[in-house]
Amino acid sequence: MNRHFRILLVFIFLIAATLAVIVLNVNTGNVNIPVSSIFKIIVTHAGDPDEVNIIWRIRLPRILMAALLGGALSLSGFLLQTFFRNPIAGPFVLGISSGAKMVVAVMMIVVIGRVGHVSSWFMIIAAFAGSMVATGFIILVSRSVKNMSALLVAGIMIGNICSALTELLITFAEDSDIVNLHNWSQGSFSGMSWSSVRIAFLIVGVTTVLVFLLSKPIGAFQLGEAYAQSMGLNVRRFRVILITLSSVLSACVTAFAGPISFVGIAVPFLMKSALNTAKPLVVVPATFMGGALFCMVCDLIARMALAPSELNISTVTAIFGAPIVIYMLIRRQKARTA
């Protein structure tokens, strides 16, 4: 199949599937709303008052946040894989999400417990600080350890250390703070508002545009540091930019929805396999769209699988994402021994 035609088919599928899943998400719930009413309410804001409230105040903000944060998490994983030249690198596996969770837990228990409320920006900054702490340790380890398995183990250990410190903090917290932290730490897109959507859109949108504009230097970096330097790229500075952009994306996800597993590894792999190319100019938008679609589907399953009860989003993403990661590792091993 012609490569350009294949890429076109993948993007057509992603767009069509995304639109279909959005309609299905808006239509599905305890209150079923006809598709004709959905389009009318979205376009005109008119219709049955209860249906208008359900769509505009509950379902649409949740769907849009699932799409934004899913795309952000996938793109964060792609940047980490580029940084470490390691397909298993991802914010959850490497303990970056756990680092963000640790600092956010401090904010939720210590600061919110005393002040009562903090802005979304404050939580995002706290998550970013935690991400950078965990990332810093991983970078130090990666300089001494080049083996993929050893790096993975190091990331898991860093994640376990951050989780242990979080649990230690919870031990001395008030019951009300523990409940809030527990609900957040399970991962969920529920309870999203339009103000959250606006903040996430601003952060994720600007960061995604910056990543796309860096497609050419990312492509050069993928071919090796020596090649990138021969093309005039300041490799040391570029590595800092990559890890910063990745941390901003993963921090935004963790601050709003809690830690979410496997998306950052599985989706970039699926997109590269579907496109049959690793060119960032193509992979970056496909990865974002694929992550958005993946998380919207997982959120729909989380809402409806055991309705009226709701599953944690990380439970669903792990069910679908973990087998993809296992398959990826098996395929890479076969390719090496072939």
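These lines cover the structure that appears in this document, whether it is placed above or below. It should be emphasised that the depicted structure is a prediction, and the values quoted were computed from it without experimental measurement. (Residues numbered from 1 in each chain as written. Predicted model: local features only at pLDDT ≥ 70, side-chain atom pairs only at ≥ 80, totals over all residues. Heavy atoms only, no water.)

A closer look at the packing of helix α12 (residues 263–275) against helix α13 (residues 280–304)
Okay, so step 1: In the contact formed by α12 and α13, the axes pass within 9 Å of each other and the chain directions differ by 125 degrees. By the angle between their axes, α12 is oblique relative to α13. For the element pair α12 and α13, the recorded crossing hand is right-handed. Counted together, V263, V267, P268, M271, K272 and L275 of α12 and V282, V283, A286, T287, G290, G291, F294 and C295 of α13 form the full contact between these two elements.
Okay, so step 2: Residues belonging to the contact of α12 with α13 are distributed by class as follows: 10 nonpolar, 3 polar and 1 charged. (Axes fitted to C-alpha atoms, helices over the stretch in contact; angles between N-to-C directions. Helix = DSSP H or I, 4+ residues; strand = E, 2+ residues; numbered from the N terminus. Parallel < 35°, antiparallel > 145°, perpendicular 65-115°, else oblique. Left-handed = near helix turned anticlockwise from the far one by under 90°. Contact = heavy atoms within 4.5 Å. Nonpolar A, V, L, I, M, F, W, Y, C, P; charged D, E, K, R; others polar.)

A short note on the pattern of salt bridges
Okay, so step 1: Evaluated as defined, the whole model comprises 4 salt bridges.
Okay, so step 2: R62 is the salt-bridge partner of E310, the closest N and O atoms lying 2.7 Å from each other. On the criterion of sequence distance, the pair formed by E310 in the loop between α13 and α14 (313–337) and R62 in helix α3 (residues 49–84) is long-range, its members being 248 residues apart.
Okay, so step 3: According to the relative accessible area criterion, E310 is partly exposed, its value standing at 36%.
Okay, so step 4: Note that E225 is salt-bridged to R85, the shortest N-O span being 3.9 Å. In this pair, E225 sits in helix α10 (residues 225–230) while R85 sits in the loop between α3 and α4 (96–115), placing the two residues 140 residues apart along the sequence.
Okay, so step 5: Owing to a relative accessible area of 41%, R85 belongs among the partly exposed residues under this scheme.
Okay, so step 6: Through salt bridges with shared partners, a single network forms among R62, D299 and E310. (Salt bridge = Lys/Arg side-chain N within 4 Å of Asp/Glu carboxyl O. Buried < 20%, exposed > 50% of the residue type's maximum accessible area, 1.4 Å probe, protein only.)

Focus: unusual backbone geometry
Okay, so step 1: Positive phi values are uncommon outside glycine, yet F262 reaches one of about 70 degrees.
Okay, so step 2: Here F262 lies in the loop between α11 (235–257) and α12.
Okay, so step 3: Under the relative-accessibility criterion, F262 is labelled partly exposed at 22%.
Okay, so step 4: Phi at N276 takes a positive value of approximately 60 degrees, unusual for a residue other than glycine.
Okay, so step 5: Its location among the elements puts N276 in the loop between α12 and α13.

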